[in-house]
Amino acid sequence: MFNNIMFATSATETCDHAARVAFEIASQYKAKLTLFHVLGVPSRGYSQMVRDVKTGEDITLDGEYEAWVVEEIKTHYSRQLKGYENVEIKLAVGHPHREILRTARKQNPDLIIMGGTDAGSDLSTYKRTMAGTTLQRVAKAAKCPVLVVARPAASFWGGISSIVFGTDFSKASNAAFDFAKKLAVDLKGELHIFHAVDISQLHAGKPIDQDEIEIQLRDARNRIRGRYVKQLEGIPIYSVDVWEGVPYVEIVKYAREKQADLIVMAHHAREMDPESARLGSNMEQVIVRANCPVVSVNRQAKD
Amino acid sequence: MKRKILVIDDDTNVVDYLVTLFQDHGYEAVSASNAQDGLSVAQKEKPDLITLDLEMPGDWGPRFYRKLSQDPVLKNIPVVVISGLSGIEHAIQKAAASINKPFDKEDVLKVVNDILA
């Protein structure tokens, strides 16, 4: 299922947990793993300068510096590189999201893996509850699924065996379902299909009619049965659940309840300009809050 | 009646050490060297507490825990994670406690005593 994985990394602690996942998936699938690092945006002056990720200093960009960065990356991931050798290190200069997408177009990976946002010393609630712009832009525009490990808690421990697929019944959700199902079959894992009926809007100004909520719950269960359950042949353990609440909260809670190793969700705004696009608020909040990696799928996976 | 502790770890030195430690302090102790055997032993012995390594051949600790929690008889057994990996407090959210290797025997005993008190 995965032959060519791209791990976009800052090669700092922020990405360490994503690295654990990247190396583990790559070795499980014997896939080629590309460690991709963007050096930064060069100045337009006489000499190209970039800001070093670790030190924050402006550095003259030349072959010597690039070789040093490659060595730094090798050192940072030395333990993982000892255990898995089918790894290539690639560097680029520019805006991270553009370079990641540009290289992904060339390399055609079947999965991009990214870490969380490096908030630096900014520990504000805003920083901790918003996905970074690079992540947002890559997840929106990538032609393959993007797996995000935003929190240390979200790095999985011993592989994927329980997958939660969160659906909003959009067209893009069909692609996400295909991805989740394929992975569950491939790994002989459990697949838990979940939908949250959004009652957050209903709170605004009027009491919620419980009958209405229960009708929506029943409708959603029937839609899941009609659309997905009949396709679950080959998956020995699966479940279907519909809860009401704030969707991202319910998905995170549900994944915790199922002890999920992975959440698969779709977003469906890829027609938007990737430069200005944001992830859907539910996807973004699930990414930053989930206790397992989250895969964002925005189109049908390639075979 | 002695309380029973199941030690699951693929490192025989750790298993021997913990089993002896628990036996010396009034507990009955049984062991398994991997998750699969651990589940069989748990089903047979019905321990009062399980100490669980995370990284083991075959199923890792979290997968063992999922299977344990799907068993109606075993699902409420408290599990103490003992591992040398970093960030182990995140690995099994419903674990009763987590202890980093290398560990101090007093710390292990305190955790176990407190849970089984």
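As a starting point, this report considers the structure included with it. Computed from a prediction, not measured in an experiment: that's the story for all the values here.

Comments concerning the overall build of chain A
Scanning chain A from terminus to terminus reveals 10 helices and 12 strands. When the 303 residues of chain A are sorted by exposure, 44% land in the buried category.

Description of helix α1 (residues 12–24) of chain B
Residue and element names in this part refer to chain B. Along its 13 residues, α1 runs 18 Å from first to last C-alpha, staying within 8% of the 18 Å computed at 1.5 Å per residue. Listed as buried for α1 are Val-14, Leu-18, Val-19 and Phe-22. For α1, the angular spread of the buried residues around the axis is 125 degrees, confining them to a single face. Those residues of α1 that are exposed and angled more than 90 degrees off the buried face are Thr-12, Asn-13, Thr-20 and Asp-24. For α1, the secondary structure elements touched by its buried residues are β1 (4–8), β2 (28–32) and β3 (49–52). Once α1 ends, the next one or two residues include Gly-26, with phi positive near 90 degrees.

Examining the environment of Glu-233 of chain A
Residues and elements named next belong to chain A. Residue placement: Glu-233 occurs in the loop between α8 (210–227) and β10 (238–245). By C-beta crowding, Glu-233 is classed as exposed, having 7 other C-beta atoms within 10 Å. Distance from Glu-233 to Val-21, taken between C-alpha atoms, is 28 Å for residues 212 residues apart in sequence.

Focus on the sheet that holds strand β5 (residues 97–100) of chain B
Residue and element names in this part refer to chain B. A sheet is described by the order of its strands in space; here five strands give the open sequence β2-β1-β3-β4-β5, paired in parallel fashion. With partners counted over all chains shown, the strands left at the sheet margins are β2 and β5, one partner each. Taken pair by pair, the neighbouring strands of this sheet meet at an average axis angle of 20 degrees, ignoring direction. Sheet topology places strand β4 (residues 79–83) next to β5; four bridges connect them, and they run parallel. The residue bridging Ser-83 from the neighbouring strand is Asn-100, located in β5. Where helix α2 (residues 35–45) meets the sheet, its contacts fall on β1, β2 and β3, and the angle it forms with β1 comes to roughly 170 degrees.

Re unusual backbone geometry
In the segment running from Lys-101 of chain B into Pro-102 of chain B, the intervening peptide bond is cis, with an omega of -5 degrees. Along the polypeptide, Pro-102 of chain B turns up in the loop between β5 and α4 (105–116). Positive phi, normally seen in glycine, also occurs at Lys-188 of chain A, with a value near 55 degrees. Following the sequence through the fold, Lys-188 of chain A ends up in the loop between α7 (171–187) and β9 (190–198). The residue Lys-46 of chain B is not glycine, and still its phi comes out positive at about 45 degrees. Residue position: Lys-46 of chain B is located in the loop between α2 and β3.

Structural notes on the pairing of strand β12 (residues 294–297) of chain A
All names here are of chain A. Across the two faces of β12 the burial is the same, with Val-294 and Ser-296 and Val-295 and Val-297 all buried. As defined by bridge partners, strand β7 (residues 146–149) adjoins β12 across three bridges and the pair is classed as antiparallel. Within β12, the residue paired with Val-146 across the bridge is Ser-296. Alignment of strand β11 (residues 262–266) against β12, held across four bridges, turns out to be parallel. By the bridge assignment, Ala-266 is partnered in β12 with Val-297.

Cut-offs applied
Residues numbered from 1 in each chain as written. Chains lettered and ligands numbered in written order. Predicted model: local features only at pLDDT ≥ 70, side-chain atom pairs only at ≥ 80, totals over all residues. Helix = DSSP H or I, 4+ residues; strand = E, 2+ residues; numbered from the N terminus. Buried ≥ 20, exposed ≤ 12 C-beta atoms within 10 Å, placed from the backbone. Expected span 1.5 Å × (residues − 1). Arc of directions from axis to C-beta. Contact = placed C-beta atoms within 7 Å. Pairing = 2+ DSSP bridges. Axes fitted to C-alpha atoms, helices over the stretch in contact; angles between N-to-C directions.

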